[in-house]
Amino acid sequence: GYKMQSDGGGDDEDREMPIPMATSLHEQLMSQLGYLGLDEKQDAIGKQLIGSIEADGYIRRDLDAIVNDLAFSQGIDTTVEEVEAILKKIQTFDPAGIAARNLQECLLLQLKRMPESKPVNDAIKVLDKYFVEFTKKHYDKIQKHLGLNSEDLKGVINIIIKLNPKPGAAFAVVNKAESYIIPDFFVFNNNGVPE
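These notes cover the structure that comes with them.

Cut-offs used in this document
- Numbers given for residues are sequential positions, taken from 1 along each chain in its written order.
- Totals for whole chains, interfaces and linings use every residue, but because this is a predicted model, local features are given only for residues with pLDDT of at least 70 and side-chain atom pairs only at 80 or more, for both listing and counting.
- Processing note: side-chain calculations cover all non-hydrogen atoms of the structure and skip hydrogens and water entirely.
- Exposed residues in this analysis have more than 50% of their type's maximum accessible area, buried residues have under 20%, and partly exposed residues fall in between, with area computed by a 1.4 Å probe over protein chains only.
- Strands here mean DSSP runs of E at least two residues long; helices mean DSSP runs of H or I at least four residues long; both are numbered from the N terminus.
- The arc under discussion is defined with respect to the helix axis, by the directions toward the C-beta atoms.
- By definition here, a salt bridge exists when the distance from a side-chain nitrogen of Lys or Arg to a carboxyl oxygen of Asp or Glu is within 4 Å.
- In protein, a polar contact means a hydrogen-donor-capable atom and an acceptor-capable atom, both N or O and within 3.5 Å, with residues adjacent in sequence counting only if both atoms are side-chain atoms; elsewhere, any N or O pair within 3.5 Å suffices.
- Note on method: axes are straight lines fitted to C-alpha atoms, helices fitted across the in-contact stretch only, with angles between N-to-C directions ranging 0 to 180 degrees.
- Note that the term roughly parallel is reserved for angles under 35 degrees, roughly antiparallel for angles over 145, roughly perpendicular for angles of 65 to 115, and oblique for everything else.
- Crossing handedness follows the turn of the near helix against the far one: under a right angle anticlockwise gives a left-handed crossing, and clockwise gives a right-handed one.
- By definition, residues are in contact when any of their heavy atoms lie within 4.5 Å.
- Any residue outside Ala, Val, Leu, Ile, Met, Phe, Trp, Tyr, Cys, Pro, Asp, Glu, Lys and Arg is labelled polar, Gly included; the first ten of those are nonpolar and the last four are charged.
- Joining through side-chain atoms within 4.5 Å is the link that ties buried Ala, Val, Leu, Ile, Met, Phe, Trp, Tyr and Cys residues into a set, and such a set is a nonpolar core.
- Two aromatic rings from Phe, Tyr or Trp, using only the six-membered ring of Trp, form a pair when their centres are within 6.5 Å; if the ring planes differ by under 30 degrees the pair is stacked, by over 60 it is edge-to-face, and anything between is tilted.

On to helix 1 (residues 25-34). Every buried residue belonging to helix 1 is among Leu25, Leu29, Gln32 and Leu33, and all of these are buried. Taken end-on, helix 1 shows its buried residues confined to a sector of 105 degrees, consistent with a single buried face.

The next point concerns the pattern of salt bridges. Following the criterion strictly, the structure yields 11 salt bridges and no others. Ionic pairing is found between Asp69 and Arg61, a salt bridge with its closest N-O pair at 2.1 Å. Between Glu151 and Lys154 there is a salt bridge; the shortest N-O distance is 4.0 Å. Placement of both Glu151 and Lys154 in helix 9 (residues 150-161) is noted, with a separation of 3 residues, approximately one turn of the helix. Taken together, the salt bridges that share partners define one network made up of Glu84, Lys88, Arg101 and Glu105.

Here we take up the environment of Glu84. With respect to the element layout, Glu84 can be found in helix 4 (residues 80-90). Between the alpha carbons of Glu84 and Gly46 there is a distance of 10.0 Å; along the sequence they are 38 residues apart. In terms of polar contacts, Glu84 uses its side chain to reach the side chain of Arg101, at 3.2 Å.

This part covers the packing of helix 2 (residues 40-51) against helix 4. Direction vectors running N to C along helix 2 and helix 4 enclose 65 degrees, while the axes themselves pass 9 Å from each other. Judged on the interaxial angle alone, helix 4 and helix 2 are roughly perpendicular. Taken as a pair, helix 2 and helix 4 cross one another with a handedness that is right-handed. Two secondary-structure elements touch here, helix 2 through Lys41, Gln42, Ile45, Gly46, Leu49 and Ile50 and helix 4 through Glu82, Val83, Ile86, Leu87 and Ile90. Within the contact of helix 2 with helix 4, the residues separate by chemical class into 7 nonpolar, 2 polar and 2 charged.

Right, let's get into the nonpolar core. Of all hydrophobic cores here, the largest spans 23 residues; its most connected members are Leu29, Leu49, Ile53, Ile66, Val83, Ile90 and Phe93. At the level of elements, helix 1, helix 2, helix 3 (63-74) and helix 4 are the ones that each hand at least two residues to this core. When neighbours within four sequence positions are excluded, Leu49 is seen to be in contact with Ile59, Leu63, Ile66, Val83, Ile86, Leu87 and Ile90. Within the second largest apolar cluster, 18 residues are counted, among which are Leu107, Leu127, Leu148 and Val156.

Bringing the packing of helix 1 against helix 2 into the picture now. Remark: helix 1 packs on helix 2, axes separated minimally by 10 Å, with the N-to-C direction vectors making an angle of 160 degrees. On the basis of their axis angle, the class for helix 1 and helix 2 is roughly antiparallel. Considering how the two elements wind past one another, helix 1 and helix 2 form a crossing that is right-handed. Listed contacts from helix 2 to His26, Leu29, Met30 and Leu33 of helix 1 are Asp43, Gly46, Lys47, Ile50 and Gly51.

Let us look at the side chain of Gln91. Residue placement: Gln91 occurs in the loop between helix 4 and helix 5 (103-111). The contact partners of Gln91, leaving out residues within four places of it in the chain, are Ile98, Ala99, Ala100, Arg101, Glu105, Leu109 and Arg113.

One pass over the structure, following the stated rule, counts 1 aromatic pair. Pairing Phe134 with Tyr139 gives two aromatic rings, centres 6.0 Å apart and planes at 55 degrees, and the pair type is tilted.

Residue Pro95 is reached from Asp94 by a cis peptide bond, and omega for that bond is 0 degrees. Among the structural elements, Pro95 can be located in the loop between helix 4 and helix 5. Positioned with a positive phi, Ala99 is a non-glycine residue whose angle comes to about 65 degrees. Phi at Lys137 takes a positive value of approximately 60 degrees, unusual for a residue other than glycine.

This is the structure we're talking about:
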């Protein structure tokens, strides 16, 4: 609880600050999975995919391996296409870019959620068709291929560099707070007399 100071008096009562309840990335994703209204098999596939998402928000396991895991550990017979269909649904979850299989896909997932505009569309083209050139900073080639002027290219680059390359990282920071120890009581030393 949180005890309030009385209106009239100036004496401070003991106050306990509420501790915010932080949820993990996997808990948040599982919660969002529940809103999809999937059947039992699809739900099991979704849970397996969410369990395969790493702390930074990426899913690096090959979908064939996930199909095999489902078959051997849960007796679920599925295909890569079925798993990928559920993965596409999970990729619509928050935070944007979650469950991407690589950096390019992560950034594209984020861009596709932005309101449509010429700079956003150009940024999608850059990452979709010229990702290698972008990572190597061959901006002149990109500018030439897309027919962009210098200002347009700067705008596109600014959009891309503001994207989050590790969408799960924010949860890793939040969860560090859960490891702090909160004391049940304090002992103060008042001139050699404990209080």
